[in-house]
Amino acid sequence: MTSDIANETTDETAMDDRDLERSLERYRKELTGYCYRMLGSAFEAEDAVQDTMVRAWRAYGRFEGRSSLRSWLYRIATNVCLTMLSGSSKRARPMDLTSATPHPSAVLGPPLAETAWIEPMPDSRTLPQDPAEQAEARESVRLAFVAALQHLAPKQRAVLILREVLSWRAGEVAELLDTTVASVNSALQRARATLAATGVTAADTSQPLTDEHKALLARYLEAFESYDMDALTALLAEDATLSMPPFDLWFRGHDDIRAWMVGEGAECRGSRLIPTSANGSPAFGQYRPDPKGGHSPWALQVVEISEGRITGLNAFLDTARFFPLFGLPSHLPEAEPAEEAL
């Protein structure tokens, strides 16, 4: 950051610049999580945080210390996000746009613009390292919750995130938004009512993956890579969903998911999966066989689990954007043949 936004300085001032940079960088991850919840886009969130850091750097000489550095940064980040949200359309999941399509009637149709979708976000960019804090934060970045936030007006969204997710006091939020405590409480009440209508709340605490969940994921990986649809559908909840942004087509239930996988989706046979994590959920980078050799990126799968079953398979197909974000390889070489037993 220093090289981008600071002029050449004396050694003494340069040391001050480095101290300021370290102070600002301490808050990058939590600000990224905040901006992601506000915007629903991993890339817009990172742009918003970088803009926040630049503004903070340039304005630090006018920072009077009447609030904490953290509160000041959140004020800047909130203003950046509100500006970005001004006039923009809300992002969604396929399930928010259309009804599930029975497989015989399925038509993929044209892809929608990237701005239409809630985007996946790597856990490494948003979740704190402390396990107890992770459990609380994980639920508030899951895809369904971030999508539900899109139903709120931007300022209501900020109020709900600050009060319900980050546990700020009403007075602190009022000061940040230059409004009254009564206005904050009213906005929070309306936001809660809107979220309740979607069936999604911020109150639940998502638990870390148990050994049972890890075993479930291992069976899923094995079933997908062997393309064993009997084994795979046995892992799905009865009302499990499959979606494929940037297409608005999605399926619900064993029969339609299986029919798609063995029909139009059959080219996924022979895929390899690389584990990662996104939105507080397990995820996989999916690579399909490449006619030129090895395997090429095809989808980022975000897997939702509940009560020992897979409830959602979210296959984000824009791998050119998402695989670098998640640090996934751009190509997988041919697997080494197993050595013959001696």
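Predicted model, so just to flag it, every value in this text is computed and none were measured.

A.B. asks: Can you lay out the pattern of salt bridges for me, pointing to particular residues and giving the numbers?
C.D. replies: In total, this model carries 17 salt bridges according to the counting rule given. Salt-bridge contacts for Arg 28 lead to Glu 25; the nearest nitrogen and oxygen are separated by 2.8 Å. One salt bridge connects Arg 321 with Glu 119, and the closest N-O pair in it is separated by 2.9 Å. Of the two residues, Arg 321 sits in helix H16 (residues 319-325) while Glu 119 sits in the loop between helix H6 (94-97) and helix H7 (123-126), which places them 202 residues apart along the sequence. Ionic contacts of the salt-bridge type, sharing partners, join the residues Glu 44, Arg 91, Glu 114, Glu 119, Asp 318 and Arg 321 into one network.

A.B. asks: Give me the lowdown on the confidence of the model for the chain, citing residues and values where you can.
C.D. replies: Scored by pLDDT, the chain has a mean of 90; 91% of the residues are at 70 or more. Scored below 50 in pLDDT, residues 1-15 makes 16 contacts in the model with residues more than four places away or belonging to other chains. This stretch, residues 338-342, has a pLDDT under 50; its non-local contacts, to residues over four places away or in other chains, come to zero contacts.

A.B. asks: So what's going on with the nonpolar core? Which residues, and what values?
C.D. replies: The biggest cluster of nonpolar side chains holds 67 residues, and the ones touching the most others in it are Leu 24, Leu 31, Tyr 34, Cys 35, Met 38 and Leu 160. Sorting elements by how many residues they give to this core places helix H5 (residues 69-85) first, with ten residues. Contacts of Met 38, omitting those with residues within four sequence positions, involve Cys 81, Leu 82, Leu 85, Gln 150, Pro 154, Arg 157, Ala 158 and Ile 161. Judged by nonpolar contacts, the second largest core, of 27 residues, contains Tyr 220, Phe 224, Cys 268 and Val 303.

A.B. asks: Go over the pairing of strand E5 (residues 295-306), please, and point to the residues and values.
C.D. replies: Bridge count between strand E4 (residues 281-289) and E5: seven bridges; the pairing is antiparallel. Across the sheet, residue Ala 283 finds its bridge partner in E5, namely Val 302. Here E4 folds back onto E5, and the loop between the two strands holds five residues, one of which, Gly 293, carries a positive phi near 115°. Of the pairings in the sheet, the one linking E5 to strand E6 (residues 309-316) comprises seven bridges and is antiparallel in character. From the neighbouring strand, Ile 305 faces E6, where its bridge partner is Ile 310.

Reading the values: the criteria
- Residues numbered from 1 in each chain as written.
- Predicted model: local features only at pLDDT ≥ 70, side-chain atom pairs only at ≥ 80, totals over all residues.
- Heavy atoms only, no water.
- Salt bridge = Lys/Arg side-chain N within 4 Å of Asp/Glu carboxyl O.
- Helix = DSSP H or I, 4+ residues; strand = E, 2+ residues; numbered from the N terminus.
- pLDDT = per-residue confidence, 0-100.
- Contact = heavy atoms within 4.5 Å.
- Core = buried A, V, L, I, M, F, W, Y, C linked by side-chain atoms within 4.5 Å.
- Buried < 20%, exposed > 50% of the residue type's maximum accessible area, 1.4 Å probe, protein only.
- Pairing = 2+ DSSP bridges.

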